[in-house]
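This is what each chain is made of:
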Amino acid sequence: RRVWWYRVSSFAYCVPGSLAAVRPEPLSQYAYPCCTYLPFRSMGIAIALNGLASYASDVVYLGEPMNPWKRVDLVLATANTGVQERAAPSKAESTSG
């Protein structure tokens, strides 16, 4: 039997993703000077979609042998993490200057 918080936890990505998709300007402002070129609106959409895919994969199709959402969730999560990791300044860059 699944508990309510397990179902709701998948949507944790939807909240910040939706905020970034609707209002990316504060992110651009706080990203100055390192990452102002990032497409924050597109990233927000991808993060919100990741929350929906996570719900489908981890709640709706949990235990299904042919879970189509598992791969979608994996690809979106990897892509979102990769973009953010790539954009973040390294420690060497942030201390020099």
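As the structure is a prediction and not an experimental result, all values here were calculated from the model.

**A few points about the environment of Asp58**
At step 1: Within the element layout of this structure, Asp58 appears in helix α4 (residues 40-60).
At step 2: Given a relative accessible area of 25%, Asp58 falls into the partly exposed group.
At step 3: Sequence-wise, Asp58 and Tyr6 are 52 residues apart; in three dimensions their C-alpha atoms are separated by 8.9 Å.
At step 4: In this structure Asp58 touches Tyr6, Ser10 and Asp73, once residues within four positions along its chain are discounted.
At step 5: Polar side-chain contacts of Asp58 include one of 3.4 Å to the side chain of Ser57.

**As for the confidence of the model for the protein chain**
At step 1: With 87% of its residues at a pLDDT of at least 70, the protein chain reaches an overall mean of 85.
At step 2: Per-element mean pLDDT across the protein chain ranges from 56 in helix α6 (residues 91-95) up to 94 in helix α2 (residues 14-22).

**So, the environment of Asn67**
At step 1: Counting through the fold element by element, Asn67 comes out in the loop between α4 and α5 (68-87).
At step 2: Given the relative accessible area of 15%, Asn67 is considered buried.
At step 3: Through-space distance from the C-alpha of Asn67 to that of Ser57 is 6.8 Å; in sequence the pair is 10 residues apart.
At step 4: A distance of 3.1 Å separates the side chain of Asn67 from the backbone oxygen of Ser57, its partner in a polar contact.
At step 5: At 2.9 Å, the side chain of Asn67 forms a polar contact with the backbone nitrogen of Trp69.

Rules and cut-offs
- Residues numbered from 1 in each chain as written.
- Predicted model: local features only at pLDDT ≥ 70, side-chain atom pairs only at ≥ 80, totals over all residues.
- Heavy atoms only, no water.
- Helix = DSSP H or I, 4+ residues; strand = E, 2+ residues; numbered from the N terminus.
- Buried < 20%, exposed > 50% of the residue type's maximum accessible area, 1.4 Å probe, protein only.
- Contact = heavy atoms within 4.5 Å.
- Polar contact = N/O pair within 3.5 Å; in protein donor to acceptor, adjacent residues only side chain to side chain.
- pLDDT = per-residue confidence, 0-100.

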